[in-house]
Amino acid sequence: MLNKINSDVVIIGAGGAGLRAAIEIARSQPDLSIALLSKVYPMRSHTVAAEGGAAGVAKDEDSFDNHFNDTVAGGDWLCDQDAVEYFIHQAPKELTQMEHWGCPWSRTKEGKVAVRPFGGMKVERTWYAADKTGFHMLHTLFQTSLKYPGIKRYDEYYSIDLISENGQCYGVTALDMRTGQIKFFRAKSVIIATGGAGRVFPFTTNGAIKTGDGMAMAYRAGVPLKDMEFVQYHPTGLPGTGILITEGSRGEGGLLVNKNNYRYLQDYNLGPPDPWPRKKAMELGPRDRLSQAFWQEQQKGNTIQTPFGDAVHLDLRHLGEEKINERLPMVRELAINYMGVDPVHEPIPVRPVVHYTMGGIDTDIEAATRLKGLYAAGECACVSINGANRLGSNSLTELLVFGSKAGANAAEFASKTSEQVDEALLENMAKQSADKVAQLFHHQGKETIPGLRNEMNTIMEAGAGIYRTESSLKDAVNQLTQLKSRFADIELTDKSNVYNTDLIQALELGSMIDVARAMAVSALNRQESRGSHQRLDYVERDDKNFLRHTLATFAGDDNPTIDYRDVVITKSQPAERVYGGESK
Ligand SMILES: Cc1cc2nc3c(=O)[nH]c(=O)nc-3n(C[C@H](O)[C@H](O)[C@H](O)COP(=O)(O)OP(=O)(O)OC[C@H]3O[C@@H](n4cnc5c(N)ncnc54)[C@H](O)[C@@H]3O)c2cc1C
């Protein structure tokens, strides 16, 4: 008999989205009990690593229309425009709310909230707290959540399977990592806020915990994964580690040069659509285009060789020590500690690195999935405001806007629902979930976790990287299919119950393989180039056939089935993403 823990709402994930959801439930419906599960201590969630900032209209020269248009054009018209409309209007409210909870936004000399430019924006609208924005936001949310007695935390609980029956979700099973015990968290509604899946790729800015668990859980429970072929490369990661050098460094005036010390971006067609007054977008073009320009420079032999592969230089020297220390202290610290390069005196070697998953759990504008009682928000979800390419700094705001929405709706559902479900049946399903883990634990086989994980990473980089082709993707799909069957033959080396990281990594690998297959199969089927999805064999965007969301539905050992859904267009008709050139 499994240990059963009853609450009104279960939230899986205590990063920005999960904490924001928890606060919303606790303050709107204080009587509800909330179980907040996280596989790491909340402050170690990936949100803490965000540097650059959070977008929201702040200046008089800016407007909601600007934010809307930049987001939709940046996303290559694959965003749902009703969701974007809601998002841009909520953004400044949420960011101001954060200030009231104690978030120390950087200020101008006049005492106003300071905003910095980010790629693909017409007017500066990125709120920041030096270059440690995510740290301050997560701290603010975490501290605020402590005020509410209704939120009960379960740190270091690894959630495994959703428990659902007849189209409704009733909870989740989770492993208490301290004891190895599996428990059934029974709830009236469930929110998934488990973050992205960058670890599917070998070279990524994403922390080791970003393994797509929540996506895989929802997918296996019958909720489609949407637009998984869209994976964002960030143009400036440190070679070797993949550590991010924030876009804020280019926002503050950093330059990208190739081995000839030449600002190569002037040769490419880059964003934003309506360029900054009197200058080319250059370093402030959108991320997908900048990463593609790097690839082109590499083909031309213009990149710089480093012991960790090819790179270009990010030059901040002209900003001067004072500005670097004030605005980009973490960039300086990271460059010195991880590259041995002080950006005050030398340019920093950088290269594109996998950063963000635009796709995720299919939700509607209410953060609801097609399973009743199941909601999702944050990077694990696809609502979709990011379309084919997320604009930098929209994500931190998205956590707040849709985290709050998921919280409000899950609370409402939990307080109204009347359940007629066979409790014994649910308990039996939870037990099956636990038995599956026990089988994995005891299985004797010849495959190792690191071995399969490395193979998966290599397959994804080779087959579904910055540029893709039919044959590279077919290879990836076939190899991933084999990998999935080989996964059934893994053997754990650690058989203990206390903090068994071997077991956790096995479960994470299982999630990643499912997510990787959804990415590769979705990419193979999208025969066009749009945003971050670039096909060398279909170089044009094809609105006639592909102005649609991909929906990948789990099909067990087989590849997922693929369907499409029309994009919601309200006021911005698809146009050419024409970039660069002088403005009037
Ligand atoms: C280095 C870096 C810098 C970034 N900078 C910016 C920026 O400047 N601006 C911007 O807008 N965006 C930025 N982003 C993107 C943004 O930070 C993320 O998209 C966002 O923080 C994700 O938040 P989240 O709440 O969805 O998930 P996360 O913060 O990743 O939290 C996920 C939570 O889920 C939990 N979890 C996961 N799986 C399980 C499981 N199986 N069981 C239990 N718990 C689980 C984790 O423990 C964690 O608490 C950056 C990303 C990175 C990697």
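Visitor: What is the right way to look at the pattern of salt bridges in this model?
Guide: Side chains carrying opposite charge are able to pair once their charged atoms draw close together. The tally for this structure, following the rule as stated, stands at 52 salt bridges. Among the ionic pairs, arginine 220 bridges to aspartate 514, the shortest N-O distance being 3.2 Å. Taken together, the residues arginine 220 in helix H5 (residues 213-220) and aspartate 514 in helix H14 (residues 501-525) connect sequence positions 294 residues apart. With its nearest N and O atoms 3.0 Å apart, the salt bridge here joins lysine 431 to aspartate 435.

Visitor: Looking at this structure, I do not really get the site of the ligand. What am I missing?
Guide: Around the ligand sit 37 residues, and of these Ser45, His46, Thr47, Glu379 and Leu396 come closest. Between glycine 16 and the ligand, the recorded distance is 3.2 Å, taken from a backbone N or O atom to an oxygen atom. Within the side chain of glutamate 379, one N or O atom sits 2.6 Å away from an oxygen atom of the ligand. In isolation the ligand has 1,000 Å² of accessible area, and contact with the protein removes 98% of it. When contributions to the shell around the ligand are tallied by element, the ones reaching two or more residues are helix H1 (16-28), strand S8 (157-165), strand S17 (348-357) and helix H10 (394-416). No other element matches H10, which puts four residues into the shell around the ligand. When the residues that make up the shell around the ligand are grouped by side-chain class, the tally is 13 nonpolar, 19 polar and five charged.

Visitor: Is there a simple way to think about the packing of helix H13 (residues 470-487) against H14 in this case?
Guide: Packed helices, taken two at a time, are described by the angle their axes make and the gap between the axes. One can describe the packing of H13 onto H14 by two numbers: an axis separation of 9 Å at closest approach and a directional angle of 155 degrees. As far as their axial angle goes, H14 and H13 are roughly antiparallel. For the pair H13 and H14, the crossing hand works out as left-handed. Listed contacts from H14 to Glu470, Leu473, Lys474, Ala476, Val477, Leu480, Thr481, Leu483, Lys484 and Phe487 of H13 are Ala506, Leu509, Gly510, Ile513, Asp514, Ala516, Arg517, Ala520, Val521, Ala523 and Leu524. The residue inventory of the contact of H13 with H14, partitioned by class, reads 14 nonpolar, two polar and five charged.

Visitor: Would you explain the environment of asparagine 166 in this entry?
Guide: With respect to the helices and strands, asparagine 166 occurs in the loop between S8 and strand S9 (168-176). A relative accessible area of 74% means that asparagine 166 is categorised as exposed.

Visitor: Help me out: how do you make sense of the domain arrangement of the chain in this one?
Guide: Accessible area lost on assembly of the parts is the figure often given for the size of an interface. Looking at the assigned domains, one finds that the chain contains domain 1 (235-353) and domain 2 (426-546). With centres defined by C-alpha atoms, the gap from domain 1 to domain 2 works out at 31 Å. Contacts between the two partners involve six residues from domain 1, matched on the other side by six residues from domain 2. In this assembly, domain 1 packs against domain 2 so that about 530 Å² is buried in total across both faces, 65% of it on carbon and sulfur atoms. Together, Asp288, Gln292 and Trp295 form the three largest contributors to the area buried by domain 1 at its contact with domain 2, with a combined 76%. Applying the counting rule to domain 1 against domain 2 returns two residue pairs in polar contact (both at pLDDT 80 or more). With five residues, the top contributor of residues to the side of domain 1 that touches domain 2 is helix H7 (residues 287-299). Of the residues belonging to the side of domain 1 that touches domain 2, the class tally is two nonpolar, three polar and one charged.

Visitor: Is there a simple way to explain the environment of threonine 448 in this structure?
Guide: With respect to the helices and strands, threonine 448 occurs in the loop between helix H11 (423-442) and helix H12 (449-464). In sequence terms threonine 448 and aspartate 489 are 41 residues apart; their C-alpha atoms lie 8.5 Å from each other. Only 3.1 Å separates the side chain of threonine 448 from the backbone nitrogen of glycine 451, close enough to count as a polar contact.

Thresholds applied
Residues numbered from 1 in each chain as written. Predicted model: local features only at pLDDT ≥ 70, side-chain atom pairs only at ≥ 80, totals over all residues. Heavy atoms only, no water. Salt bridge = Lys/Arg side-chain N within 4 Å of Asp/Glu carboxyl O. Helix = DSSP H or I, 4+ residues; strand = E, 2+ residues; numbered from the N terminus. Near = heavy atom within 4 Å. Polar contact = N/O pair within 3.5 Å; in protein donor to acceptor, adjacent residues only side chain to side chain. Areas by Shrake-Rupley, 256 points an atom, 1.4 Å probe, with all protein chains shown as cover. Nonpolar A, V, L, I, M, F, W, Y, C, P; charged D, E, K, R; others polar. Axes fitted to C-alpha atoms, helices over the stretch in contact; angles between N-to-C directions. Parallel < 35°, antiparallel > 145°, perpendicular 65-115°, else oblique. Left-handed = near helix turned anticlockwise from the far one by under 90°. Contact = heavy atoms within 4.5 Å. Buried < 20%, exposed > 50% of the residue type's maximum accessible area, 1.4 Å probe, protein only. Domains from an automatic or database assignment. Buried area = accessible area lost by both parts, 1.4 Å probe.

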